[in-house]
Amino acid sequence: MSEPDPALTFHRLTRHGSPVDRWRLVDFRSLDPANRPAPFKRYVGLEARPLTRDLRATGGGGVDEAELARLLFFSAGVTRVTNSSVLDTRTYFRATMSAGNLHPVELYVVGGGTAAVAAGVHHYDPLGHALTPLREGDFGGTSIVLTGIPWRTAWKYGERGYRHLYWDAGAMVANLLAVADADGVATRVVLGFADDEIAHLLGVDGTTELPLAIVMVGDEAPQWSAVDDVALAVQPISPHPIEFPLIAETHRAGVLTRGDVVAWRDAAAGLGVPTAGATAPDGPRIEEVILRRGSTRIMRRETAPRELLTRGLAAAAGPVTGDFVGNGRTLLEHNVAVHGVEGVPPGAYSWRADRRDLQALHLGDYRDETELLTLRQPLGGDSAYTAFHCADLTAVVGTLGARGYRAAQFEAGIAAGRLSLAAFALGQGATGLTFFDEAVSQFFGTHSACMLVTAVGVPDYRNTAGGLPGAATELTRYSQLMERLSRQLHQAR
Ligand SMILES: Cc1cc2nc3c(=O)[nH]c(=O)nc-3n(C[C@H](O)[C@H](O)[C@H](O)COP(=O)(O)O)c2cc1C
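Residues numbered from 1 in each chain as written. Predicted model: local features only at pLDDT ≥ 70, side-chain atom pairs only at ≥ 80, totals over all residues. Heavy atoms only, no water.

**Q** Just to check I follow, could you spell out the pairing of strand β14 (residues 347–352) for this structure?
**A** Two faces make up the sheet, and in a regular strand the side chains alternate between them. β14 sits mainly inside the fold: five of its six residues count as buried. Examined bridge by bridge, strand β13 (residues 332–338) and β14 share five bridges and lie antiparallel to one another. If you follow Ala-337 over to β14, its bridge partner there is Ala-348. Two elements, β14 and strand β15 (residues 357–363), share six bridges in a ladder whose sense is antiparallel. (Buried < 20%, exposed > 50% of the residue type's maximum accessible area, 1.4 Å probe, protein only. Helix = DSSP H or I, 4+ residues; strand = E, 2+ residues; numbered from the N terminus. Pairing = 2+ DSSP bridges.)

**Q** Whenever I open this one, the sheet that holds strand β8 (residues 187–190) confuses me. Can you help?
**A** Sheet strands pair via backbone hydrogen bonds, and the direction of the pair is either parallel or antiparallel. Across the sheet, seven strands lie side by side as β1-β6-β5-β4-β7-β9-β8; this open sheet has antiparallel pairing. Strands with a single pairing partner mark the edges of an open sheet, and in this sheet they are β1 (49–50) and β8. When strand β7 (residues 143–148) meets strand β9 (residues 210–217), the two strands line up antiparallel, connected through six bridges. Paired with Ser-143 across the strands is Met-216, a residue of β9.

**Q** How should the site of the ligand be read in this particular structure?
**A** Near the ligand lie 20 residues; those nearest to it are Arg-293, Ser-295, Arg-297, Gln-377 and Gly-432. One nitrogen or oxygen atom from the main chain of Ser-98 is found 3.1 Å from an oxygen atom belonging to the ligand. One nitrogen or oxygen atom from the main chain of Gly-432 is found 3.2 Å from a nitrogen atom belonging to the ligand. Relative to its free-state accessible area of 620 Å², the ligand is covered by the protein chains to the extent of 90%. Those elements that provide at least two residues to the shell around the ligand are β3 (90–94), α4 (161–182) and β17 (429–433). If you tally residues by element for the shell around the ligand, the top one is β17, at three residues. Split by residue class, the shell around the ligand holds seven nonpolar, nine polar and four charged. (Near = heavy atom within 4 Å. Polar contact = N/O pair within 3.5 Å; in protein donor to acceptor, adjacent residues only side chain to side chain. Areas by Shrake-Rupley, 256 points an atom, 1.4 Å probe, with all protein chains shown as cover. Nonpolar A, V, L, I, M, F, W, Y, C, P; charged D, E, K, R; others polar.)

**Q** Can you help me understand the packing of helix α9 (residues 306–317) against helix α12 (residues 393–425) in this one?
**A** The geometry of a pair of packed helices is captured by two quantities: the angle between their axes and the separation between those axes. The interhelical angle for the contact between α9 and α12, taken along N-to-C directions, is 145°, at an axis separation of 8 Å. In this structure, the crossing between α9 and α12 has a hand that is right-handed. Where α9 abuts α12, its residues Leu-308, Arg-311, Gly-312, Leu-313, Ala-315 and Ala-316 lie against Ala-415, Arg-418, Leu-419, Ala-422 and Ala-423. Considered class by class, the residues forming the contact of α9 with α12 number eight nonpolar, one polar and two charged. (Axes fitted to C-alpha atoms, helices over the stretch in contact; angles between N-to-C directions. Left-handed = near helix turned anticlockwise from the far one by under 90°. Contact = heavy atoms within 4.5 Å.)

The following block contains the structure:
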């Protein structure tokens, strides 16, 4: 028998709820407060240049500095803060959701001296809303490069944190694409690139910080050529960052060289199932929706309007313009546990993405089962519906290798991010959730693997809207909300 792809091995070894041979996993103390990673990357000796804080849409579809500032802030910016009474530290909340609020994803801007940005490579500082120039050079049209710092999320999640890099990056890209769409700016998402060259361009080592995805913005094509080394000093992330060999191996297995890229993209172009595009919803402006968003921590068991489901799932399943899947296609299938949606009998369904409707799998009240599937979190069962974003990993990895695994996780992050935005646009709530891997596939009777879960429903409290750059909203009642959540979690046990 041939060896399974390293990505499939990684997936199996990082499942929740199934016996795992732990010898390949690092035995470490999760959430060690003395070794907590810093939430922001800080360069030593480099000065950040503030971006405009006037984030009103200018229209016209061009990418100037104001547009770039919008794209960056509404994808990664700090929108809320809270002072923790326990640790006496500030907690930063950002424009997108991130598991454990750990935000392992960094953004860089690469450009060629356009109206948007000075020629060169720049790092985005989400707290200061500023760009730090890292190197000069003409790289053609503007691109935003996403990288992931495994340790920042593995500090809590261990090896499973590698999945989180792609989920969180996907959630960020959902925002980025939504803002760009609203502003009439063209985008293209690129996952097929020469990893080591991009790492070199950004001045990261490709191990403690991994290039994840590139989003080209605007109509001008990037022109990237070989560059010299650049020495960048960065503040240590934590006293003793821990390395996870399984993450490094899985990532290396998916690395492409320049010569591999065309064949990989060609293979990806033939992959996926057709999906209908979501129609642009009427409603509040996207920036308002993003500031309103904050993962719903407690949901009320109420019946939600049908539109919350149909519009949400159409948004989640919509195609992404990119190089990792065929045009108008998706790598995902969305299975849904419906609990309380007007005109939809409770039960397990599969979403038919091409027709934008539901196909019943089995009917029944599954609130308890769904709560169980989502690691016994009440949110899973209290939702109006819980969507399980799945992918046929055998097919995807069979065609695209270990890099296909990245693509499936990433697209699931985009789906969850889009679903969450759709829910908040409709005045309701949503949150990403973790899950018992095998149990999800069994419940829906699918051989696809669950990539990520989103619970959508009626919030049991009013969310405080986030703020613009330099004016993050101070959350005053956050600790009470988390205490309520913690009581609820204990009761559920
Ligand atoms: C991939 C992913 C998984 C998540 N899993 C859970 C979860 O299992 N339970 C939960 O309560 N929240 C979960 N969340 C929500 C995060 O806890 C939340 O995004 C984070 O605390 C930041 O808060 P905010 O979204 O309000 O900015 C998840 C978010 C993401 C993106």
